[in-house]
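# Results of the structural survey
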Amino acid sequence: MSASEIQKTRIINELRDFIRKLLQDPKILEQSLAIARQQLVQGNSPAVMAKIANEISDTTSVHIPEDPTEHSEADKLFLELLREVVQEEQALY
């Protein structure tokens, strides 16, 4: 197995674990979106995104490392999707 295949497998496994956690506790999405909505009014700088990650870790069963350089691909994807959903909501108003 090549290094890129190993990396893809690792990312898929991280995403599977994360999706399983969301399915087991649907409130995570609601809480995460509420946090993102509240924080993204300050912009979407790396500092704001780190604050969102920290608050999600503090208030849900999802753990996202405090240091953005330690975020897994699944962490980055989740934060990116939260930002996109909130921006799309705001565009509708």
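Reference entry: report on the structure contained in this document. (Residues numbered from 1 in each chain as written. Predicted model: local features only at pLDDT ≥ 70, side-chain atom pairs only at ≥ 80, totals over all residues. Heavy atoms only, no water.)

## Brief notes about the overall build of the protein chain
Worth spelling out the cut-off: In this text, helices come from DSSP runs of H or I with a minimum length of four residues, and strands from runs of E with a minimum of two, each type numbered from the N-terminal end. Exposure classes here rest on a 1.4 Å probe applied to the protein chains alone. A residue is buried below 20% of its type maximum, exposed above 50%, and partly exposed in between. Whether two residues are in contact is decided by their heavy atoms, any of which lying within 4.5 Å being enough. Exposure was quantified through the Shrake-Rupley algorithm and a 1.4 Å probe, taking into account, for residues, occlusion by the shown protein chains and nothing else. Positive: Lys, Arg. Negative: Asp, Glu. His and the chain ends are not part of the count. Charge positions are represented by NZ for Lys, CZ for Arg, CG for Asp and CD for Glu.
When helices and strands are counted, the protein chain shows four helices and zero strands. Overall, the C-alpha framework of the protein chain stretches about 50 × 30 × 25 Å when taken along its three principal axes. The buried share of the protein chain, taken over its 93 residues, is 30%. Put simply, 51% of the contacts in the protein chain that link residues at least 6 apart link residues at least 24 apart. Put simply, the protein chain shows about 6200 Å² of open surface, and 56% of that area lies on carbon and sulfur atoms. Seen as two clouds, the 10 positive and the 16 negative side-chain charges of the protein chain have centres 4 Å apart.

## Section: the nonpolar core
Here is the rule we go by: Definition used in this section: a nonpolar core is a set of buried Ala, Val, Leu, Ile, Met, Phe, Trp, Tyr and Cys residues joined via side-chain atoms within 4.5 Å.
Among the nonpolar cores identified, the biggest contains 18 residues, and Leu40, Ile52, Ile56, Ile64, Leu79 and Leu82 are the most heavily contacted of them. Ranked by the residues each element gives to this core, the list is headed by helix H3 (residues 46-59), at five residues. The contacts of Leu82, once residues within four sequence positions are left out, are Ser32, Leu33, Ala36 and Ile56.

## Digging into a negative patch on the surface
So the rule is basically this: Put simply, a patch holds well-exposed residues, over 30% relative accessible area, that have no salt bridge, with like charges counted together within 9 Å and Val, Leu, Ile, Met, Phe, Trp or Tyr side chains within 5 Å. Basic side-chain nitrogens of Lys or Arg form a salt bridge, by our definition, when they fall within 4 Å of a carboxyl oxygen of Asp or Glu.
A cluster of acidic residues, Asp58, Glu66, Asp67 and Glu70, forms a negative patch on the protein surface. With respect to the element layout, Glu70 can be found in the loop between H3 and helix H4 (73-92). Under the relative-accessibility criterion, Glu70 is labelled exposed at 53%.

## Quick word on the pattern of salt bridges
Tallied over the entire structure, the rule returns four salt bridges. Between Glu14 and Arg10 there is a salt bridge whose closest N-O contact spans 2.4 Å. Here Arg10 and Glu14 lie together in helix H1 (residues 3-24), a separation of four residues that amounts to about one turn. By relative accessible area, Arg10 is classed as partly exposed at 37%. One salt bridge connects Glu89 with Arg37, and the closest N-O pair in it is separated by 2.8 Å. With Glu89 in helix H4 and Arg37 in helix H2 (residues 27-39), this residue pair connects regions lying 52 residues apart in the sequence.

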